[in-house]
Every structure is written in structure tokens, then in C-alpha cells.
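Listed here are the chains, written in short residue letters.
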Amino acid sequence: MYGWVMHAKGEERTIQVAGHRVKVTNPDKVFWPDEGITKGDVVEYYRRTASLILPYLKGRPESLHRHPDGIKDPGFYQKDVDHQPPRWVKVRTIRSESDRQGDQKDINYLVCNDKATLLYLANLGCIELNPWLSRIGPGRGRLDKPDWLLIDLDAKTSGFRNVVGVAQEIRELLEETGAKSYPKTSGKSGMHICLPLGAKYGYEQSRRFAELLMQSMHRRCPDLTSLERSPHKRQGRVYLDFLQNSRGQTMAAPYCVRPVPGATVSTPLEWDEVVESLDPKDFTIGNIEARVKKVGDLWKPVLGKGIDLGKALGKLEKLS
């Protein structure tokens with residue numbers, strides 16, 4: 001059933017990965033009842049696509065979104081690793097604010113650096129993967145300097161067709177600033193637009209640019225967009241979320257599966273694909289590999305040298 005080199009023991013399987021033994025418990029547990037997709041299918045998907053996904057995970061603390069009983073169960077988020085993972089799984093302790101009063105505590109974040117860890121996460125029920133926007137070293141990696149700026153277009157109250165229209169308006173605005181951008185489906189009802197930063201700027205700088213960009217966008221399209229955080233105040237408009245550009249915030253990684261009906265995948269797009277007929281439900285665990293084989297990894301530039309944020313900001317201020 002699965003393409004694993006494995007050893008079986010009751011309801012447990014062991015996959016050999018680069019000298020590590022990854023246990024997979026209950027691989028035949030059904031995670032998507034309507035589609036008949038199992039936990040083992042999720043593990044197999046990540047086994048096959050590990051080389052595609054790992055560049056967007058390596059060095060990044062993970063916020064674990066676990067669905068050990070499949071998508072019909074609400075699941076839960078977990079930042080602090082409260083169990084002892086295998087020795088080859090990297091855990092990084094990071095000092096973090098824990099509440100509104102500013103109290104701080106140490107949080108033990110799991111970091112996904114290799115294929116074995118990716119499969120270990122899948123076995124924990126992490127159907128989707130939620131990495132930070134910044135990385136732990138070496139090289140350019142610094143936790144206070146994100147690799148990309150994230151614009152999250154939330155369609156909860158607006159419908160996806162409006163998201164498409166707003167996304168293209170944002171693209172035009174960014175082109176006026178000289179900044180290249182790269183879209184992907186969120187895998188749910190929204191869209192992510194990312195700008196490569198090359199880990200050259202701090203979160204405060206990237207968040208400020210994103211805020212000014214969204215304010216300018218809202219002035220251009222006030223009937224289609226909203227800056228209101230509360231969904232009931234948006235009146236059917238697309239929420240322009242720039243607040244994800246803060247230290248510790250995460251994003252559904254490109255090519256990760258989302259725990260929603262259809263087993264959709266967060267999928268990088270060409271801008272000429274962002275049209276009214278675009279449907280996020282068309283990209284699934286069953287067809288994404290064939291798509292990548294045809295179009296390649298469209299998100300590679302997001303990990304490139306990055307835009308000149310200062311120059312783009314200057315042009316944006318003039319446009320505003």
C-alpha cells in the first residue's frame with residue numbers, strides 16, 4: 001500500500017530514513033473519512049515530497065497543529081514540545097512572551113531539518129506544517145530577520161473570487177514599488193502573497209511595510225477590502241492581514257496538506273493562474289506531485305536574495 005521500506009509490528013510500522021528509524025503508529029487510521037485517505041497516506045506523501053518541502057522548513061521553529069484522530073476531530077496546537085522526541089530530532093529552546101501581561105517563559109520548539117523529522121511530525125498527526133518566517137542559523141538564518149514578508153488574504157467572509165481580484169490589485173501595487181511577489185493558495189479559503197526578504201530586515205521593518213501596503217490597498221479598493229480584525233465587522237470584504245509579520249508567527253508551508261475536506265495542498269502559483277476560475281480545491285494530495293513535475297517549484301525565488309525593502313518603501317510612500 002505504501003512505498004516504504006519498513007518493518008511491521010502489530011499496528012506499528014518502522015521506516016528506515018537516512019540511518020534513523022521512524023515509527024509510524026496506526027498507519028491505516030482513516031484521517032479523511034469521505035475520501036478514504038489514511039494517516040499512512042499522509043506519511044507517504046511527505047516521504048515522497050520531502051526534498052520539495054524541506055527547504056521551507058529547515059531551521060524554522062514549528063508550531064505543531066496536530067490531528068491525531070483525523071480531520072473530523074478539532075485537533076490542537078502545540079508549540080512547547082512536552083515529550084521526549086528521538087535524539088535525532090532537533091529541539092530549540094526560545095524565550096517567548098506567554099501572555100498579555102508580558103510574562104516570559106522558555107518554549108521548546110521542534111525544528112524540522114530533515115526527512116526523518118518530517119515523517120516523525122506526520123506520525124504525530126501534523127497534517128499541516130506551520131514554520132516560522134525566520135530561521136535559526138547557520139548562514140543567513142537569524143530568528144529576528146524573516147526570509148519573507150507575508151500578506152494573508154482571508155476569505156472567510158468574502159468568497160474566493162473577491163480574493164483573486166484583490167490579489168491582482170496587490171500585485172499591481174507591488175510592481176509599482178519594484179517589489180516582486182509570489183502567490184500561493186493557503187490550502188483553505190484564502191491566499192498568501194509573499195515577498196522575498198533574504199533575511200536582511202527585522203520583523204518591525206517588514207511589518208511596517210506590510211501595514212503601509214495594506215493601508216494603501218484599502219484606500220484603492222475600500223469596497224472590496226477590510227482592515228478589521230473582527231470578522232463580523234468586515235461586511236463580506238477581504239481581510240488584509242499584515243499582522244502575521246511578527247516574530248513567532250507562522251504560515252502554512254508551501255506544499256503542505258491542510259486538514260480540510262478534499263485533502264487540499266497549499267500550492268504555489270504563477271500570477272497568470274490567479275484568475276476568477278481559480279479554485280483552491282483543485283490542488284490536492286493526489287495531484288500536486290504531477291503539477292510540480294510539470295511546472296517546477298514556483299516558490300524557489302522566495303528563498304532568494306530578497307527585495308530592496310528600503311527602496312520599495314520609498315516608492316510606496318510616494319504612491320500613498
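Conventions we followed
Residues numbered from 1 in each chain as written. Predicted model: local features only at pLDDT ≥ 70, side-chain atom pairs only at ≥ 80, totals over all residues. Heavy atoms only, no water. Helix = DSSP H or I, 4+ residues; strand = E, 2+ residues; numbered from the N terminus. Rg over C-alpha atoms; globule rule 2.2 N^0.38 Å. Buried < 20%, exposed > 50% of the residue type's maximum accessible area, 1.4 Å probe, protein only. Contact = heavy atoms within 4.5 Å. Areas by Shrake-Rupley, 256 points an atom, 1.4 Å probe, with all protein chains shown as cover. Lys, Arg positive; Asp, Glu negative; His and termini not counted. Charge placed at Lys NZ, Arg CZ, Asp CG, Glu CD. Pairing = 2+ DSSP bridges. Axes fitted to C-alpha atoms, helices over the stretch in contact; angles between N-to-C directions. Expected span 1.5 Å × (residues − 1). Parallel < 35°, antiparallel > 145°, perpendicular 65-115°, else oblique. Left-handed = near helix turned anticlockwise from the far one by under 90°. Salt bridge = Lys/Arg side-chain N within 4 Å of Asp/Glu carboxyl O. Core = buried A, V, L, I, M, F, W, Y, C linked by side-chain atoms within 4.5 Å.

Caption draft 1: How the structure looks around the overall build of the chain. Along the chain, the regular secondary structure elements total 6 helices and 15 strands. Against the compact-globule benchmark of 20 Å for 320 residues, the chain has a radius of gyration of 20 Å, which places it among compact chains. Summarising its shape, the C-alpha atoms of the chain cover approximately 65 × 40 × 40 Å along the three principal directions. Taking all 320 residues of the chain together, the buried fraction comes to 53%. Of the contacts formed within the chain by residues at least 6 apart in sequence, a portion of 68% connects residues at least 24 apart. Per element, the accessible surface of the chain, about 14,800 Å² overall, is 46% carbon and sulfur. In the chain, which carries 50 positive and 41 negative side-chain charges, the distance between the mean positions of the two groups comes to 5 Å.

Caption draft 2: Here's a closer look at the sheet that holds strand β11 (residues 148-154). Here 5 strands make up an open sheet; going across it, the order is β12-β13-β11-β15-β14 and the pairing mixed. Because the sheet does not close on itself, it has two edges, and the strands there are β12 (182-185) and β14 (225-226). As paired strands, β11 and strand β15 (residues 238-241) are joined by 3 bridges and run antiparallel to one another. Paired with D154 across the bridge in β15 is Y239. Its contacts with the sheet put helix α3 (residues 160-177) on β11, β13 (191-196), β14 and β15, and the angle it makes with β13 is roughly 15°. Along the sheet face, helix α4 (residues 203-220) touches β11, β13, β14 and β15 and points at about 35° away from the line of β11.

Caption draft 3: Fine view of α3. Look at α3: 26 Å from first C-alpha to last across 18 residues, which is about the 26 Å you get at 1.5 Å a residue. Of the positions making up α3, those classed as buried are F160, V163, V164, V166, A167, I170, L173, L174 and T177. On its buried face, α3 sits against β11, β13, α4, β14, β15 and α6 (309-319). G178 occupies a position one or two residues after α3 and carries a positive phi of about 85°.

Caption draft 4: View of the packing of α4 against α6. Relative to each other, α4 and α6 sit at 25°, their axes nearing to 11 Å. In this view, α4 runs roughly parallel relative to α6, as classed from their interaxial angle. You can see that α4 and α6 cross each other, and the crossing is left-handed. Contact residues: Q205, S206, F209, L212, L213 and S216 in α4; L309, A312, L313, L316 and E317 in α6.

Caption draft 5: Broad picture of the environment of K79. Inspection of the secondary structure puts K79 in the loop between β8 (76-78) and β9 (90-97). Using a relative accessible area of 41% as the deciding quantity, one classes K79 as partly exposed. Put simply, K79 and L110 are 31 residues apart on the chain and 7.9 Å apart in space, counted from C-alpha to C-alpha. Residues contacting K79, with those up to four places away along its chain left out, are E62, S63, I107, N108 and Y109.

Caption draft 6: Fine view of unusual backbone geometry. Despite not being glycine, N26 shows a phi value in the positive range, around 50°. You will see that Y255, though not glycine, has its phi angle at about 75°, which is positive. Structurally, the position occupied by Y255 is in the loop between β15 and α5 (288-295).

Caption draft 7: Representation of the pattern of salt bridges. One pass over the full model with this rule turns up 15 salt bridges. A salt bridge links R95 to D106; its shortest N-O distance comes to 3.2 Å. One end of the pair, R95, is in strand β9; the other, D106, is in strand β10 (residues 104-111), and 11 residues separate them in sequence. According to the relative accessible area criterion, R95 is partly exposed, its value standing at 46%. Linked through salt bridges whose partners overlap, the residues forming this network are E44, R47, R48 and E289.

Caption draft 8: Inspection of the nonpolar core at higher detail. If you look at the biggest cluster of nonpolar residues, it comprises 52 residues, and the most contacted ones within it are W32, Y45, Y46, L129 and V257. Of all elements in the fold, only β2 (12-17), β3 (20-25), β4 (30-32), α1 (39-53), α2 (115-123), β11 and α5 reach the threshold of two or more residues within this core. The element that contributes the greatest number of residues to this core is α1, accounting for 7 residues. Excluding residues within four positions of it along the chain, Y46 makes contact with I53, L118, L119, A122, C126, I127, E128, L129, Y255, C256 and V257. Among the nonpolar cores identified, the runner-up in size contains 37 residues, and L149, A167, I307 and L316 belong to it.

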